[in-house]
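Now for the letters of each chain:
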Amino acid sequence: MSDALINGLAGAGGGIIAQLITYPLQTVNTRQQTERDMKKERRKLGTVEQMFQVAKQEGWTRLYGGLTPSLVGTATSQGVYYYFYQILRNKAEVAALEHRKKGIGDGSVGMFSSLVVAALSGCINVLLTNPIWLVVTRMQTHTKKSQSSQTQSIGSDEPVLAALELPPYGTIHVIQEVYGEAGVLGFWKGVLPTLIMVSNPSIQFMLYETLLKKLKQRRALSKKDNNGVTALEIFLLGALAKLGATVVTYPLLVVKARLQAKQVTGGDKRHHYKGTLDAITKMIRYEGFNGFYKGMSTKIVQSVLAAAVLFMVKEELVRGARWLLTNNSGNTARSKLS
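This is a predicted model, so every value here is computed, not measured. (Residues numbered from 1 in each chain as written. Predicted model: local features only at pLDDT ≥ 70, side-chain atom pairs only at ≥ 80, totals over all residues. Heavy atoms only, no water.)

The next subject is the UniProt feature "transmembrane region" (unreviewed entry) in the protein. The positions that UniProt labels "transmembrane region" (unreviewed entry) are, in the present scheme, residues 109–128 and 229–253. Helix makes up 90% of residues 109–128 and strand makes up 0%, while its end C-alpha atoms are separated by 27 Å. (UniProt positions renumbered as here; feature names shortened; annotations may be inferred. Helix = DSSP H or I, 4+ residues; strand = E, 2+ residues; numbered from the N terminus.)

Per the stated rule, a full pass over the model turns up 8 salt bridges. For Glu98, the salt bridge goes to Lys101, with nearest N and O atoms at 3.8 Å. With Glu98 and Lys101 both in helix α4 (residues 67–101) and 3 residues apart, the pair spans about one turn of that helix. Residue Lys101 is classed as exposed on the basis of its relative accessible area, which comes to 68%. Put simply, Arg258 and Glu287 hold a salt bridge, and the shortest N to O gap is 2.9 Å. Note that Arg258 is positioned in helix α9 (residues 231–260) and Glu287 in helix α10 (residues 276–287), a separation of 29 residues in sequence. Judged by its relative accessible area of 22%, Glu287 falls in the partly exposed class. (Salt bridge = Lys/Arg side-chain N within 4 Å of Asp/Glu carboxyl O. Buried < 20%, exposed > 50% of the residue type's maximum accessible area, 1.4 Å probe, protein only.)

Attention now goes to helix α5 (residues 111–141). Spanning 31 residues, α5 covers only 39 Å between terminal C-alpha atoms, well under the ideal 45 Å at 1.5 Å per step. At Thr129, α5 is bent by approximately 55°, the largest bend along its length, and proline Pro131 sits one to four residues beyond. (Expected span 1.5 Å × (residues − 1). Bend = angle between axes of the 7 residues up to and from the residue.)

Running from amino to carboxyl end, α4 crosses α5 at an angle of 170°, the nearest separation of the two axes being 8 Å. Taken together, the axis directions place α4 and α5 in an arrangement best described as roughly antiparallel. Its residues assigned to classes, the contact of α4 with α5 comprises 18 nonpolar, 10 polar and 1 charged. (Axes fitted to C-alpha atoms, helices over the stretch in contact; angles between N-to-C directions. Parallel < 35°, antiparallel > 145°, perpendicular 65-115°, else oblique. Nonpolar A, V, L, I, M, F, W, Y, C, P; charged D, E, K, R; others polar.)

Our next topic: the nonpolar core. The biggest cluster of nonpolar side chains holds 12 residues, and these are Met197, Tyr250, Leu252, Leu253, Val254, Val255, Leu259, Tyr273, Ala279, Met283, Phe292 and Met296. Listing elements by their share of this core, those giving two or more residues are α9 and α10. The leading source of residues in this core is α9, at 6 residues. Those residues in contact with Tyr250 that lie beyond four places of it in its chain are Asn29, Gln33, Phe292, Tyr293, Lys294, Gly295, Met296 and Lys299. Residues Ala18, Tyr81, Ala118 and Val309 belong to the second largest nonpolar core, which totals 8 residues. (Core = buried A, V, L, I, M, F, W, Y, C linked by side-chain atoms within 4.5 Å. Contact = heavy atoms within 4.5 Å.)

As a further point, take a nonpolar patch on the surface. A contiguous nonpolar patch, built from Leu211, Leu240, Leu243, Val247 and Tyr293 and spanning about 390 Å² of accessible area, is present on the exposed surface. Tallying contributions element by element places α9 first for the nonpolar patch, with 3 residues. Assignment of secondary structure puts Tyr293 in the loop between α10 and α11 (296–337). Residue Tyr293 is classed as partly exposed on the basis of its relative accessible area, which comes to 35%. (Patch = residues over 30% accessible without salt bridge, like charges linked within 9 Å, V, L, I, M, F, W, Y side chains within 5 Å. Areas by Shrake-Rupley, 256 points an atom, 1.4 Å probe, with all protein chains shown as cover.)

Below, the discussion takes up helix α3 (residues 47–58). Compared with an ideal rise of 1.5 Å per residue, which puts 12 residues at 16 Å, α3 spans 16 Å between its outermost C-alpha atoms and is within 8% of the ideal. Here α3 has its buried residues at Gln50, Met51, Val54, Ala55 and Glu58. Here the buried residues of α3 occupy an arc of 140° about the axis, which is enough to place them on one side. Facing away from the buried side of α3 by more than 90 degrees, the exposed set consists of Val48, Phe52 and Lys56. With its phi angle positive at about 100°, Gly59 sits one or two positions after the end of α3. (Arc of directions from axis to C-beta.)

Below, the structure is given as structure tokens:
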């Protein structure tokens, strides 16, 4: 089994586990990003409150709406990304060694080459998996319609809203709906901001290296004998870099979610987007720049937790797979000798 395949399968496994743990947060975050009802906006419910509200009004299963295609998407995305990343990384390493033979460089993959490898892997992943994530977004933002029922005496003049039971909104239904709206190309709605989002890890890496360099310079100028950087400092620098990258690129996530969510063509034109530029223009005009950062706190919690689980599980799976392959190779060799 090749190293690229091991990393791809491990990435898929880690992604599935991370998705199962953080999925309710993803559902709430997607709803926050696509919310355009100003009455609901003024309530300013927290993430946990909103989760309980969805569970109370629509049932706990709605927090896992679209979980099946999401797990497929996560496994596919992580598998595709790490598979192509490892292949491109190996090619970059070979190229670096060839350059060293010619007297260019030290034989290691440089920062620019690493960024190019990550960007290319991300672009391949986006182009192949965007249809899956569009289906997931539709299912996460699908809500049960409400009707006014008899007002109960609860000390309020507002009618109690009862959810109407609708036919199941499954994966096949969404696929038919998207195809009916815009044909095959409809499955690639929001692909432009998603492709630009590939810059997120690049920005994160750049911020991390800059912060690390400044910290080392400050240590070198100080009178302390120890100029090294501790594991805790590395963790904090990584967190700051991730936060910075999220703040810079988060508006693109909101635009992507708006484009992929179902739009009512006969409704308010302010909420109907023809494309990326149209969505950005209308959001600035009708919602202001605050509209681009809806649900960002939820996203930060979800993404940090998911990334921590993903990397931890992936590395353990890679280590376990390599150990098994090494032991099997050793046993095979010993059996041949005997």
